[in-house]
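Reading the structure
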Amino acid sequence: MNVEPVPQVQRPNSFIWGRTAPLALTIIAAIVAVDQLHKWWMLSVYDIANKGRVQIFPFFDITYVKNIGISYSLFNQESPVGQYLLTGFALFASTCLWLWLNRSGASRLMSIGLGLIIGGAVGNAIDRLRLGGVADFFSLHAYGYYWYVFNIADVAIVAGVLVLLYESFWGESH
């Protein structure tokens, strides 16, 4: 008796839960947890706000800066309403990225990149609601020039963008 294999029917990806959603959700949860735990430790245990700038290396300090705007303190929003608007924007962008991830049938690499970006955005959005701005701690500098102060969520966002760039040029979809 000759048995033919049953053809696999390719189901379209859902808007809410696609093939690589579990991977992305794991990364999002890990980034938010590590970011929020680090911020809690820096503010509550290490008490960086009262220590001021602490030099770690000649080019790297830790300090506390509450960023009430977006990157490089653009669009500063001192009022709670302004922070709610920035939080809403971050959550809207994260939702759009989540829908893109699930609807596109994203590769594993794309899921990692989008998971890093969404996790970082959510981590910073939590700060806006909890602290009235984003808690930043890491300061890189050289020859008297200080770049912006950043946090783990920011590192995740930048890493996610780099992963997406890599994937778009040399990744699994090529």
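Values in this document were obtained by computation on a predicted structure and should not be read as measured data.

Here's the deal with the sheet that holds strand S3 (residues 134–142)
Judged by pairing direction, the sheet is antiparallel, and its 4 strands sit side by side in the order S1-S2-S3-S4 without closing on themselves. In the strand order of this sheet, the two ends are held by strand S1 (54–57) and strand S4 (145–150), each with one partner. The mean angle between the axes of side-by-side strands here comes to 35 degrees, regardless of whether they run parallel or antiparallel. Across 4 bridges, the pairing between S3 and S4 is antiparallel. Note on S4: the bridge partner recorded for Phe-138 is Phe-150. Across the face of the sheet, helix H4 (residues 108–131) comes into contact with strand S2 (60–67) and S3 while running at roughly 120 degrees to S3.

Let's talk about the side chain of Asp-154
With respect to the element layout, Asp-154 can be found in helix H5 (residues 152–170). Salt bridges are absent for the buried Asp-154, whose nearest opposite-charge side chain, Lys-39, sits at 6.8 Å. Among the polar contacts listed, one links the side chain of Asp-154 to the side chain of Asn-124, at a separation of 2.9 Å. Beyond its immediate stretch of four places on either side in the chain, Asp-154 contacts Asn-124, Asp-136 and Tyr-148.

As for helix H1 (residues 21–45)
Three- or four-residue spacings in an α-helix give side chains the same orientation, since the helix completes a turn every 3.6 residues. In a regular helix each residue adds 1.5 Å, so 25 residues correspond to 36 Å; H1 covers 35 Å between its end C-alpha atoms and thus fits that length. When H1 is considered as a whole, its buried residues turn out to be Ala-21, Ala-24, Ile-27, Ile-28, Ile-31, Val-32, Asp-35, Gln-36, His-38, Lys-39, Met-42 and Leu-43. For H1, the secondary structure elements touched by its buried residues are helix H2 (48–51), S2, helix H3 (80–103), H4, S3 and H5. Just past H1, the residue Asp-47 takes up positive phi, approximately 60 degrees.

Quick notes on the rules
Residues numbered from 1 in each chain as written. Predicted model: local features only at pLDDT ≥ 70, side-chain atom pairs only at ≥ 80, totals over all residues. Heavy atoms only, no water. Pairing = 2+ DSSP bridges. Helix = DSSP H or I, 4+ residues; strand = E, 2+ residues; numbered from the N terminus. Axes fitted to C-alpha atoms, helices over the stretch in contact; angles between N-to-C directions. Contact = heavy atoms within 4.5 Å. Buried < 20%, exposed > 50% of the residue type's maximum accessible area, 1.4 Å probe, protein only. Lys, Arg positive; Asp, Glu negative; His and termini not counted. Salt bridge = Lys/Arg side-chain N within 4 Å of Asp/Glu carboxyl O. Polar contact = N/O pair within 3.5 Å; in protein donor to acceptor, adjacent residues only side chain to side chain. Expected span 1.5 Å × (residues − 1).

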